[in-house]
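Next come the chains, spelled out residue by residue.
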Amino acid sequence: MKAQLRHMLRDDDVNHQEQKQILQLGMRFREDRFYRRPLDGPQAVAVLFDKPSTRTRSSFSIGVAELGGYPLVIDKSGSQLGRGEPIADTTCVLTRMASAIVWRTFGQDRIEEMARHSSVPVINALTDQFHPCQVLADFLTIAQWRGGVDALKGMTISYVGDGANNMANSYLLAGATAGMDVRIAGPNGFLPDERIVRDARRIAADNGGDITVTTDPRAAVSGSDCVFTDTWVSMGEESEYAIRSKPFWDYQVNDGLMGLAKPDALFQHCLPAYRGKEVTSSVIDGPRSVVWDEAENRLHAQKALMTWLVGCQRGDESLLA
Ligand code: CP
Ligand code: NVA
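Residues numbered from 1 in each chain as written. Chains lettered and ligands numbered in written order. Predicted model: local features only at pLDDT ≥ 70, side-chain atom pairs only at ≥ 80, totals over all residues. Heavy atoms only, no water.

### Side note on the pattern of salt bridges
Oppositely charged side chains are able to pair whenever their charged atoms sit close together. Counted according to the given criterion, the structure contains 20 salt bridges. Among the salt bridges present, the one from E296 reaches R30, with a minimum N-O distance of 3.7 Å. Within this pair, whereas E296 is found in helix 12 (residues 291-314), its partner R30 is found in helix 1 (residues 16-31), the two being separated by 266 residues in sequence. Using a relative accessible area of 27% as the deciding quantity, one classes R30 as partly exposed. Note that R146 is salt-bridged to D264, the shortest N-O span being 3.7 Å. On the criterion of sequence distance, the pair formed by R146 in the loop between helix 5 (132-145) and strand 5 (156-160) and D264 in the loop between helix 10 (255-258) and strand 9 (266-269) is long-range, its members being 118 residues apart. Judged by its relative accessible area of 24%, R146 falls in the partly exposed class. D264 gets classed as partly exposed once you look at its relative accessible area, which sits at 46%. Linked through salt bridges whose partners overlap, the residues forming this network are R10, D12, D199 and R202. (Salt bridge = Lys/Arg side-chain N within 4 Å of Asp/Glu carboxyl O. Helix = DSSP H or I, 4+ residues; strand = E, 2+ residues; numbered from the N terminus. Buried < 20%, exposed > 50% of the residue type's maximum accessible area, 1.4 Å probe, protein only.)

In structure tokens:
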């Protein structure tokens, strides 16, 4: 196998087979937390945050340590990057010391710039546009509950709420890559960017999937295998709280809406959740909700992703399975 530097900046940075390989590796890590230790040394992974985090911070910190490595966590307030040091300069420094860089930031252009200057894998830990690590964990959760990774292809997944946010975009691209029927429902003005929908349709066509974007939450959820939602106000949008509260009420995931999905449909939410807003307590704390498995799977999915990226970079095929 040829050594190749790969990044995970958006969900379609991997193809169908590669996504499957990463999820299968995730299933292995679910069974055995210490299945592979590619960062033995310990080798450092820099984990940078320009926005708050609980799950991403803990799962990357613990995940890197469980892979035998050392997580170097840097917050915006304690970094020169946060004071305006050029992304290229920070990247050139970190790339000399760390085996990978993980970054939660604002615009997608920022992480793409980092990747251009990096000689180690760069992982998107959430931008305004995408959250690929979360969706890997979400798909791992479906695999966990539905008998393995092969079950994903052909499934119907529905996301209801802010259709223009990072989660909606990531479900479009990752679901298309998996060959799923992906349905996104949001109010007018909060639907995905046409360019992302176009990319998703092209990828779905290659993998036997399908893409629907609609303003009708009931049509989106009907007969679905898994229903997702997310906050109506993403990080960085707090000043829009008042204008964002009104248009979303028809898109609340409640018992009535869940009742339209398959009887055994799962409910997932990336968290943090706002009970009584995008989801009722009866759903998120109810029998179909798998949100705690989903949160735990961040750990396994990201360990799989880091192992896979390091394997590609070293040209070490044994790390890919
Ligand atoms: N879901 C998620 O990314 O959570 P955090 O913001 O807590 O990392
Ligand atoms: N859409 C949310 C996801 C949080 C994990 C946000 O960006 O704030």
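### A few points about the pairing of strand 2 (residues 70-75)
With six bridges connecting them, strand 1 (residues 44-49) and strand 2 associate as parallel partners. By the bridge assignment, L48 is partnered in strand 2 with I74. Chirality of the crossover, the property in question, places the unit of strand 1, helix 2 (residues 55-66) and strand 2 among those that are right-handed. (Pairing = 2+ DSSP bridges. Right-handed = clockwise from strand over helix to strand, strands pointing away.)

### Notes on the site of ligand 1
Neighbouring residues of ligand 1: S53, T54, R55, T56, R104, H131, Q134, C270, L271 and R298. Within the side chain of T56, an N or O atom sits 2.7 Å from an oxygen atom of ligand 1. Counting atoms within 2 Å of the grid points, the majority share of ligand 1 lands in the largest pocket. Considered class by class, the residues forming the shell around ligand 1 number two nonpolar, five polar and three charged. (Near = heavy atom within 4 Å. Polar contact = N/O pair within 3.5 Å; in protein donor to acceptor, adjacent residues only side chain to side chain. 1 Å grid on protein atoms, 1.4 Å probe; cavity = no way out; pocket = protein on both sides within 12 Å on 5 of 7 lines; lining within 4 Å. Sits in = over half its atoms within 2 Å of the grid points. Nonpolar A, V, L, I, M, F, W, Y, C, P; charged D, E, K, R; others polar.)

### Quick notes on the layout of surface pockets
Taken as a whole, the largest pocket spans an internal volume of roughly 660 Å³. Lining the largest pocket are 38 residues, and of these D230, T231, V233, S234 and M235 lie nearest its centre. Going through the elements one at a time, helix 2, helix 6 (166-178) and helix 9 (241-245) are the ones with two or more residues in the lining of the largest pocket. Looking at the lining of the largest pocket residue by residue, the classes come out as 12 nonpolar, 14 polar and 12 charged. (Points joined across faces, edges and corners; volume = space filled by probe spheres on them.)

### Considering the sheet that holds strand 3 (residues 100-104)
Backbone-to-backbone hydrogen bonds join strands into a sheet, with any given pair of strands oriented parallel or antiparallel. Pairing in this open sheet of four strands is parallel, and the strands run 2-1-3-4 from one edge to the other. The two strands at the open ends of the sheet, each matched to only one other strand, are strand 2 and strand 4 (122-124). Sheet twist, expressed as the average angle between the axes of neighbouring strands with direction ignored, equals 20°. Contacts from helix 2 reach strand 1, strand 2, strand 3 and strand 4 within the one sheet, and its direction differs from that of strand 2 by about 155°. (Axes fitted to C-alpha atoms, helices over the stretch in contact; angles between N-to-C directions. Contact = heavy atoms within 4.5 Å.)

### Brief notes about the sheet that holds strand 9
Read across the sheet, five strands follow the order 7-6-5-8-9 without closing on themselves; strand pairing throughout is parallel. With one partner strand each, in any of the chains shown, strand 7 (210-214) and strand 9 form the two edges of the open sheet. With direction set aside, neighbouring strand axes in the sheet form an average angle of 15°. Strand direction decides the pairing type here: strand 5 and strand 6 (residues 181-185), joined by five bridges, are parallel. Note that in strand 6 the partner of I157 across the bridge is V182. Packing against the sheet, helix 6 makes contact with strand 5, strand 6, strand 7 and strand 8 (226-229), and its axis sits at approximately 165° to strand 6.

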